[in-house]
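# Coordinates in review
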Amino acid sequence: MSKKNQSKADAYSFFSCIEKNFDKAARYIPIKKGLLEQIKACNAVYRMHFPIKIGKEIQVIEAYRVQHSHHKLPCKGGIRYSIKVNQDEVMTLAALMTYKCAIVDVPFGGAKGGIKIDPQIISVENIEKITRRYTSELIKKNFIGPGIDVPAPDYGTGEREMSWIFDTFLSLTHGEVDAIACVTGKPVSQGGVRGRKEATGLGVFYGIRELCKMKEEMLSVGLDVGLNGKKVIIQGLGNVGYHAAKFFHDAGAIIVALAEREGAIYNKKGLNVSNVIIHLKNTGSILNFPESKNIEDTEKALELECDILIPAALENVIHKYNANRIKAKIIGEAANGPVTPEADDILGKKGVIIVPDIYLNAGGVTVSYFEWLKNLSHVRYGRMEKRFSENMNTELLQVIENSCKKKIPIEEKKMILRGPREIDLVRSGLEDTMINGFHKIRDLKKSLKIENLRIAAFVLAINKIIDSYEKLGIFP
Ligand code: NAD
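Counting starts from 1 at the beginning of each chain's written sequence and moves along it residue by residue. For a predicted model such as this one, the threshold for reporting local features is a pLDDT of at least 70, and the threshold for listing and counting side-chain atom pairs is 80 or more; totals across whole chains, interfaces and linings nevertheless cover every residue. Heavy atoms from the whole structure form the basis of all side-chain values; hydrogens and water molecules are not counted.

Going by the annotation in an unreviewed UniProt entry, the name recorded for the chain is Glutamate dehydrogenase, with Blattabacterium sp. given as the source organism. Here the chain is described in UniProt, under the heading Sequence similarities (unreviewed entry), as follows: "Belongs to the Glu/Leu/Phe/Val dehydrogenases family." UniProt positions are given in the numbering used here, feature names are shortened, and annotations may be inferred rather than shown by experiment.

As structure tokens, then:
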């Protein structure tokens, strides 16, 4: 983001954006104000400073963990490493997690963590030191644990950091049998679940694919039903953006532009995402990718002609100063908070369909939930039933072949006989979750005549949290 636009977008509180949406949603919920205030507020904010020795110098690190809601435990939410991390941002992201979990029926309260560092200019050794020290601070204050608060990856973090968190937790809480469930997004060899890495991007794909199946919505924006041939722009080629791009490409959509920090690339015939990644690895930049046009001002990529725009980098990238120039008919919020409330209003008036972050990027936490369940059960998904299913299928097929007096071709047979592997079960659970979530939001929007999908998603989430509070009661 250019300095000029950054100051425009940073001019107001990110948390107040969520509060505005919450208040709009509250108009559809006939309930006492007190409970709504409780749902809105952050339950616990832990701001810390700790020293790290870098060479001969001592550097003070600022970090946060916010638990937005304790209506369900453990709390759950990623950890972000970015120089822009601040309390308002972490509180907002924690609140989004509460609503997100409620929408996709993941039984957690929302949380988020952040460390104010730029991982791009810090050595791996020092990132490890900072991660381990941060984890030990969380342990000291009882802000991490399989039944307390379970972090995961977010912007600037990944499997590597989650492994360090797990190892630190294991070292400092010796003998805890469920220690492995203290963090998700771990590598598979360290108790991670197959399918977690790509889960958020795949969830984004499933959500947009479902929207594109809806005749009514596609008619409203003048598009054909289906994803095939739709022009897509993706901002941010990190974990979420890269996987989303790959799934859209594989489904026949045309990725016309990709935007990164250093600039964007454009080809109206389409970019091959895997080749762009190879080019990025070889040259350190997406720019100068063969047969594509460079766009120096990366933000301008958001304004190019396309059907679907997927911001998958950071918040506030679509604001009141560029919203009018956005040409996309559908915006899929893969990042958290990429569209400011002012931009939301402008785009709404233009008839753009915005699929909100609190639903669309919930694939990550959904599969994190599957990982947590796997860790608590200490057994890989599919381990108990794979062979059993294959044996049952074989017998069934034999009965069919015998009664039909016909042999099924070997390739087809292999497909039918195959028992479920972990990745099959995880993806099927994710797909089901994203499809159900979309229809619950859409149905609610229609039945209550709610202005857009974002507010409908908030109504859905708040109603579920209210239900939880009402059944739990209030202590004491
Ligand atoms: P990441 O660090 O893996 O990737 C972010 C990418 O955005 C990087 O490649 C970075 O270079 C790029 N980027 C940064 N500034 C940019 C700019 N101005 N223009 C274009 N590109 C820019 O992070 P991620 O995990 O993919 O997260 C991206 C977003 O998705 C964040 O908003 C995050 O909160 C959200 N999210 C992530 C997950 C997850 O599972 N990782 C889950 C839910 C939501």
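After that view of the structure, there is still more to cover.
Put simply, a residue is near a molecule or strand once any heavy atom of it comes within 4 Å of that molecule or strand. Taken together, 22 residues are adjacent to the ligand, and Arg 80, Asp 154, Thr 200, Glu 260 and Asn 336 come closest. Pairs of N or O atoms within 3.5 Å make up the polar contacts considered here, provided that, within protein, one atom can donate a hydrogen while the other can accept it, and that residues adjacent in sequence are counted only when both atoms are side-chain atoms. At 2.9 Å from an oxygen atom of the ligand is found a main-chain nitrogen or oxygen belonging to Gly 156. The backbone of Gly 238 places a nitrogen or oxygen atom 3.4 Å from an oxygen atom of the ligand. Notes on the ligand: free accessible area 830 Å², of which the protein chains cover 88%. For the shell around the ligand, the elements supplying multiple residues, two or more each, are helix 9 (239–250) and strand 7 (254–260). Domain boundaries shown here were taken from an automatic or database domain assignment. For the shell around the ligand, the domains that each give at least three residues are domain 1 (46–192) and domain 2 (193–382 + 420–475). The method behind every accessible area is Shrake-Rupley, applied with a 1.4 Å probe, and residues are considered shielded solely by the protein chains displayed. Each helix is a run of H or I in the DSSP string that is no shorter than four residues. Each strand is a run of E no shorter than two, and both are numbered from the N terminus.

Strands qualify as paired when DSSP identifies two bridges or more between them. Within the open sheet, the five strands sit side by side as 1-2-4-3-5. Their pairing is mixed. Whereas interior strands pair on both sides, the edge strands pair on one side only; in this sheet they are strand 1 (44–54) and strand 5 (149–153). This sheet shows a mean twist of 25° between the axes of neighbouring strands, independent of strand direction. Sheet topology places strand 1 next to strand 2 (residues 57–67); 11 bridges connect them, and they run antiparallel. Its bridge partner lying in strand 2, Ile 52 is registered against Gln 59. The contact criterion used throughout is that any non-hydrogen atoms of two residues lie within 4.5 Å. Angular values range over 0 to 180 degrees, each being the angle between N-to-C directions of two axes fitted as lines to C-alpha atoms, with helices fitted over their stretch in contact. Across the sheet, helix 5 (residues 124–140) touches strand 1, strand 2, strand 3 (75–81) and strand 4 (109–115), and the angle it forms with strand 1 is around 140°.

We now examine unusual backbone geometry. Along the chain, Leu 73 connects to Pro 74 via a cis peptide bond; the corresponding omega equals 5°. Looking at the secondary structure, you find Pro 74 in the loop between strand 2 and strand 3. For the bond running from Phe 475 to Pro 476, omega is 5°, close enough to zero to count as cis. With phi around 60°, Glu 291 is a residue other than glycine that occupies positive phi space.

Take the packing of helix 5 against helix 6 (residues 159–172) next. Put simply, helix 5 and helix 6 touch, their axes get as near as 9 Å, and they point 45° apart. Classified by the angle their axes make, helix 5 and helix 6 are oblique. Note that helix 5 runs across helix 6; the crossing there is right-handed. Across the interface between the two elements, Val 124, Ile 127, Glu 128, Thr 131, Arg 132, Thr 135, Ser 136 and Ile 139 of helix 5 pack against Arg 160, Glu 161, Trp 164, Ile 165, Asp 167, Thr 168, Phe 169 and Leu 172 of helix 6. Ten residues, namely Ala, Val, Leu, Ile, Met, Phe, Trp, Tyr, Cys and Pro, are considered nonpolar, four, namely Asp, Glu, Lys and Arg, are considered charged, and the remaining ones, Gly among them, are considered polar. Here the contact of helix 5 with helix 6 is composed, by residue class, of seven nonpolar, four polar and five charged. Note on angle classes: values under 35 degrees are labelled roughly parallel, values over 145 roughly antiparallel, values of 65 to 115 roughly perpendicular, and the remainder oblique. For a crossing to be left-handed, the near helix must be turned anticlockwise from the far one by less than a right angle; the clockwise case is right-handed.

With that out of the way, let us pick up the nonpolar core. Think of a nonpolar core as a cluster: buried Ala, Val, Leu, Ile, Met, Phe, Trp, Tyr and Cys residues, connected wherever their side-chain atoms sit within 4.5 Å. Three exposure classes are used, based on accessible area relative to the maximum for each residue type with a 1.4 Å probe and protein chains only: buried under 20%, partly exposed in between, and exposed over 50%. If you look at the biggest cluster of nonpolar residues, it comprises 99 residues, and the most contacted ones within it are Tyr 99, Ile 208, Phe 248 and Ile 310. Among the elements that take part in this core, helix 17 (residues 453–472) stands out by supplying 12 residues, more than any other. Looking at this core, you find at least three residues from each of domain 1 (46–192) and domain 2 (193–382 + 420–475). Counting residues in each nonpolar core, the second largest holds 27 residues, with Ala 63, Ile 127, Ile 144 and Ala 179 among its members.

Glancing now at the pairing of strand 8 (residues 263–266). The pairing of strand 7 with strand 8 spans four bridges and is antiparallel. Across the sheet, Ala 259 pairs through a bridge with Ala 264, a residue of strand 8. Here strand 7 hands over to strand 8 after two residues, the two strands then running antiparallel side by side. One ladder, built from three bridges, connects strand 8 with strand 9 (residues 293–295); its direction is antiparallel.

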